[in-house]
Every structure is written in C-alpha cells, then in structure tokens.
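Survey of secondary and tertiary structure
What follows is each chain in one-letter form.
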Amino acid sequence: MSVAYRKVPPEGGWGLLVGIGMAAMFTVSLGSLPSFGLMFGDFLTALGEETGAIALITSCFFSALSFAGLFTNTLMKKYSCRTVGLLGAFSYVIGSFLTIFVRSTNELLISFSVFQGAGFGLMIPVSYTTFNAYFVEKRVVMMSVSQTLIGLGTMFYPIFIQKTMEAYGFRGCMAVLAAVNSHTLVAMMVMHPVEWHMRLVPVEPEEQQMAPEKIVREKPDRSDENLSHVSKGLGSRRASSIPGLGNWSGPVVVSDSTERDKQPATKWQVLIDFLDLTLLKDPIYVNIVLGISFALYSDLAFFTLQPMYLFMIGFGKPDVSLIIAIGAAADLLSRVFLAISSTCLNIKARYVYLAGALFTILARFAFLFVYDFYGMAIITAIMGFLRTWIHVPLPLVFSEYLSQARFPSGYGLFMFLQGNITFAVGPIVGYIRDVTGSYTISFHCLTLFMAMCVLPWLFEIVYLRLKARATGRGEQNVAAVAIPAVKVETMAQEDVCK
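An unreviewed UniProt entry annotates the chain as Major facilitator superfamily (MFS) profile domain-containing protein originating from Culex pipiens pipiens. The UniProt entry for the chain carries this comment under Subcellular location (unreviewed entry): "Membrane".

Below is the structure:
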C-alpha cells in the first residue's frame, strides 16, 4: 500500500538563507536613504545645489521604485521570481557603480534615482514573495528576526559611511558602497523557488478525504518538484506578486473580474483589471493610501534633510553620523519591542501607525528647540523609535482592510500612487527651503504632511464609530418594537387555540 504525502513549506532550511538574503538586501538598500545627506551633501554643496536637489533626487527614486514594483506582476508572469530579482539587483548595482563617476545633479538623478530606484522596486516584491512562500507557521517570528537584522545593519551604516568618507574621500566611498551593494546579487540568487525545498509529510486519512487533490501518492524525485513558483489556475487577468503579511482579518471583497473575463476585454478594461482601479471607489482605501503616502514622504524627507540641518547649526560629521546611528539604534530597539508586544497585545496595525504618526508630530516640534548634542541625540532616538511604527506595520494596514485575494493588487496600486504622490510633492519642500533659506519652515511643511495622515484618519475613525453607534441604537429600537409585536401575535395565536 502506497504512503500518501503532502507538500508543505520548509519553515526553515533553505528558508533561513532566504531570510538572511532579504535582510541583506534591505540593509544595503535602505541604509543609504537616511545617510543621503551625509554621502552627497558636500558634493551637492560644491555644485551649488543642496535641499532642492536632494528633494528632487529622493522623489524620483521613489517614483522609479513605485513604477518598477507595479510592473513586477507582469514580469513574474513571464519569468521566474529569482530572474526578476536578479534583474533588479543588476539594475541596482549598475546604478551604484555609475554613482562613482557622477559630475552633476542630472547624472546623480540617473544613477541613483532611476537605476537604483527601479532595481530596489523589483527586489522588494520578489523578496516578500519568496519569504512568505517558505514560512507559514513561523512567518511572524522569522519576519521579526529579519526586521531586527535590518535595523541592526542600518544602525551601523551611517558610521560606516562617515569612516569610509574620511579614509577614501567621496569617490572612494562611492566605490566601497558599490562593492557592498553588489551583495544584492547574492541575496537574489538565494531566492530559490519554494518547490525546490518543499517537505513531504505523511497524510492522515481524514486529510485525504478533505483535500484529495493535494495528495502525493508516492514520494517523488527532486526533479518532480522543479515546478513554477508562480500561481497557476488564476481565473482573473489580475496578477499577484506581493503576498500578504500577518493575519487576514479584513472584510471579504468579492472580485467582479470573473464575469468580465468571459467577455472580450477592452484596453481600458485591461488597465482597470491590471491596476485594480475599482479600489479607488472605496473612500476608506483611498484615505489609507493618501495618509500613508503623505506620512512616508514626510518621514523620508525629514530624515534626509536632518543631516544638512545639523551641519548648518554647527555639528561636525562625526557628531552627525553618531546622531544618525543613535536614531537607527532606537529604530532597532523599537522593532524588537513591536515583535515582543505583538505576541502579548492584539492591536490593529492601523492604530499603531496612527499613534506613530501622531507622536512623531509632537517630537518634531520639540526637535526644532534643541541645539546641543545630547538633546539632539535624545530627540532623534525618540523619533527613530517612533519611525518603526510608521514603516513596519505598513503592509499589515492593507492586509487588515483588504481580503487576501485583493491584497496584491491593492498593495501594488498603493506603491504606484505613493510613488507618484512623492514625485509630485517632493520638490515643493526643497523649493521652499531654497527660496526662504530656512530649514525650520521646511520641517514645518513636512510636519503638515504628517498631519495629513493623522487628521483624516481620526475623522474617519470618529465618523465610523458614531455611525455604528447610531446604527446600533436603530437596531435596538427596531428590536424593542418587534418584541412586543411578537408577544401580541403569540397571545393572539394562543386565544385562537383556546
């Protein structure tokens, strides 16, 4: 009698390398963003372009990232996940090496924003897709470990850049960073299809009756497991590349694409299906997208301009790099705190995000009244601690609201809109800084963008709670009227029976 098996994710093994690869990719990619002013501040100052150029370059970076992330869906339908990841890694490394030879803002815009931004945008969904395929039961634990490694790497990144800049100068530092960024190639090479490493476990008789189509009657050879990792059998034209993170507790949204798939699709309908533009009819989804987009832009722009501001008020490079490292250390501590607290407390990710944005506004007001090293280190640590509350819960905010089937398209649409919003509003703050010559006004503008996340979300929460309370009272009134009516009807029936 043949033994029945079923394939399950490895929950370890090669998946540990996948987790390390994902952490390495995010460390070298994200580590450069808070240190952008530290890396290119003197270079742009020599060109006579400071804040405006930084705002434009970072805005274009995230715009390229969003476009690349959006079209990853299409690429992954034609090529393997690892191939798309390697394409992104090559683009990122090419941009890193081109940065060594930049002589103007336009050249930096192409090397950093276009090549590195697009490469990073391709590697993000590939990393999440592969990671979540390898871990199901241990996903939360392993994601927490990976996030801790990312925080640990980014903590030492600014100190590493400052020491390298002192030892080798600007172009020598860029050459060293290009070599470090080449590790993204190794990170993408370990993103094997999960079918190569699936475990076979014996199947109980009850499971054979419940899901007979998933049963393997004999233990197959390894060659039989070399299947495509891309989902097959999706009836809709809408593709999926970014899997959900965390628990799915959102409402079930039924897609209407099945009916349309039976009819020839127009070009406009293909675009609607590809981007899932029907989500834009949902005011709550739109409020989530706009709020997170403004908050992310405010956060990234603030920490990009902070080194330039610290230089202006008299801090030296060693002090600035140490302050940035302290903020990164607080970020790491906050990631560990969130990982531990998530096992004890059940708080919605959106409430965590809202609290992070609200307290960040308060911390930024205090930031503008601090001028000494120790005070600046403390307030930067507070903002670094709160920064985790804005970045880590981000995908969970969408997974709480959207159904699992609609999360990929919803998150992809968010990436697209967020990148374009950043591209549109990014140069504004830099222009204000160059015209007014004041970092204080620029920081107040960025705080206003953070408030554009907090205020609409608070309004939505209050409105929905008042509406739910009014609906509950209405149901109670209906029940109060219905119960006597039932009693009267029952008494009448009893009289008839008598």
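Quick look at the overall build of the chain now. The number of helices and strands found in the chain is 17 helices and 2 strands. Going through the 498 residues of the chain one by one, you find that 50% of them count as buried. Of all intrachain contacts in the chain linking residues separated by at least 6 positions in sequence, the fraction that spans at least 24 positions is 86%. By element, 67% of the accessible surface of the chain is carried by carbon and sulfur atoms, the whole surface being about 23,900 Å².

In the contact formed by helix H13 (residues 349-367) and helix H15 (residues 394-401), the axes pass within 8 Å of each other and the chain directions differ by 140°. The orientation of H13 relative to H15 falls into the category oblique. Of the two possible hands of crossing, H13 and H15 adopt the one that is left-handed. For the pair formed by H13 and H15, the contact residues are Ala-349, Arg-350 and Tyr-353 on the first element and Leu-394, Leu-396, Val-397 and Glu-400 on the second. Grouping the amino acids of the contact of H13 with H15 by side-chain chemistry returns 5 nonpolar, no polar and 2 charged.

Contact geometry of helix H4 (residues 81-99) with helix H5 (residues 105-134) gives a least axis separation of 7 Å together with a crossing angle of 155°. Here H4 is positioned roughly antiparallel relative to H5, judged by the angle of their axes. In this structure, H4 meets H5 at a crossing whose hand is left-handed. A breakdown of the residues in the contact of H4 with H5 according to their chemical character gives 15 nonpolar, 11 polar and no charged.

The full count for this structure, using the stated rule, is 24 aromatic pairs. For the pair Phe-61 and Phe-112, a centre-to-centre distance of 5.0 Å together with 25° between the ring planes defines the contact as stacked. Remark: Phe-112 occurs in helix H5 and Phe-61 occurs in helix H3 (residues 51-78); sequence separation between them is 51 residues. Accessibility expressed as a relative area gives 3% for Phe-112, which makes it buried. An aromatic cluster of three or more residues is present, and its members are Phe-26, Phe-40, Phe-43, Phe-61, Phe-112, Phe-120 and Phe-170. Taking the ring centre of Phe-302 as reference, the NZ or CZ of Arg-364 above it sits at 4.5 Å.

Let us look at the pattern of salt bridges. Scanning all chains against the criterion turns up 4 salt bridges. The closest approach of N and O atoms between Arg-103 and Glu-107, which form a salt bridge, is 3.0 Å. For Glu-107, a relative accessible area of 26% puts it in the partly exposed group. Note that Arg-387 and Asp-299 form a salt bridge whose closest N and O atoms lie 2.8 Å from each other.

Our focus in this paragraph is the side chain of Thr-388. Mapping Thr-388 onto the fold places it in helix H14 (residues 373-391). In contact with Thr-388, other than residues within four places in its own chain, are Asp-331, Ser-334, Arg-335, Leu-338 and Pro-393.

Here we come to the side chain of Arg-387. Looking at the element boundaries, Arg-387 is found in helix H14. Given the relative accessible area of 14%, Arg-387 is considered buried. Polar contacts involving the side chain of Arg-387 include one to the side chain of Asp-299, which spans 2.8 Å. Once residues within four sequence positions are removed from consideration, Arg-387 is found in contact with Pro-34, Asp-299, Leu-300, Phe-303 and Asp-331.

All right, on to a nonpolar patch on the surface then. On the surface, Leu-17, Ile-20, Val-141, Val-145, Leu-149, Leu-152 and Phe-156 cluster together into a nonpolar patch covering about 610 Å² of accessible area. Where the nonpolar patch is concerned, the elements lending two or more residues are helix H1 (14-30) and helix H6 (139-181). Ranked by residue count, the leading element in the nonpolar patch is H6, at 5 residues. Among the secondary structure elements, Phe-156 is positioned in helix H6.

What follows is about the nonpolar core. If you look at the biggest cluster of nonpolar residues, it comprises 116 residues, and the most contacted ones within it are Ile-292, Tyr-353, Phe-398 and Phe-414. Counting residues per element, this core draws most heavily on helix H11 (residues 283-312), which supplies 16 residues. Among residues more than four places away in sequence, those in contact with Ile-292 are Tyr-353, Leu-394, Val-397, Phe-398, Phe-414, Cys-453 and Trp-457.

A few words now on the environment of Gly-410. Position of Gly-410 relative to the elements: it lies in helix H16 (residues 407-436). Spatially, the C-alpha atoms of Gly-410 and Tyr-285 are 8.7 Å apart, while their sequence positions differ by 125 residues. If we ignore the near neighbours within four places in the chain, the residues touching Gly-410 are Leu-279, Tyr-285 and Leu-402.

Attention now moves to the confidence of the model for the chain. Interpretation of this model should avoid reading the predicted coordinates in detail wherever pLDDT is low. The predicted model of the chain averages 76 in pLDDT, with 76% of residues at 70 or higher. Counted against residues more than four places away or in other chains, residues 218-261, with its pLDDT under 50, gives 93 contacts.

Another point: the environment of Cys-445. Here Cys-445 shows up in helix H17 (residues 439-497). In this structure, the C-alpha to C-alpha distance between Cys-445 and Ser-298, residues 147 residues apart in sequence, is 8.6 Å. For Cys-445, the residues in contact, after removing those within four places along its chain, are Val-429 and Ile-432.

Rules used in this analysis
- Residues numbered from 1 in each chain as written.
- Predicted model: local features only at pLDDT ≥ 70, side-chain atom pairs only at ≥ 80, totals over all residues.
- Heavy atoms only, no water.
- UniProt positions renumbered as here; feature names shortened; annotations may be inferred.
- Helix = DSSP H or I, 4+ residues; strand = E, 2+ residues; numbered from the N terminus.
- Buried < 20%, exposed > 50% of the residue type's maximum accessible area, 1.4 Å probe, protein only.
- Contact = heavy atoms within 4.5 Å.
- Areas by Shrake-Rupley, 256 points an atom, 1.4 Å probe, with all protein chains shown as cover.
- Axes fitted to C-alpha atoms, helices over the stretch in contact; angles between N-to-C directions.
- Parallel < 35°, antiparallel > 145°, perpendicular 65-115°, else oblique.
- Left-handed = near helix turned anticlockwise from the far one by under 90°.
- Nonpolar A, V, L, I, M, F, W, Y, C, P; charged D, E, K, R; others polar.
- Phe/Tyr/Trp six-rings, centres within 6.5 Å; stacked < 30°, edge-to-face > 60°.
- Lys NZ or Arg CZ within 6 Å of the ring centre and 35° of its normal.
- Salt bridge = Lys/Arg side-chain N within 4 Å of Asp/Glu carboxyl O.
- Polar contact = N/O pair within 3.5 Å; in protein donor to acceptor, adjacent residues only side chain to side chain.
- Patch = residues over 30% accessible without salt bridge, like charges linked within 9 Å, V, L, I, M, F, W, Y side chains within 5 Å.
- Core = buried A, V, L, I, M, F, W, Y, C linked by side-chain atoms within 4.5 Å.
- pLDDT = per-residue confidence, 0-100.

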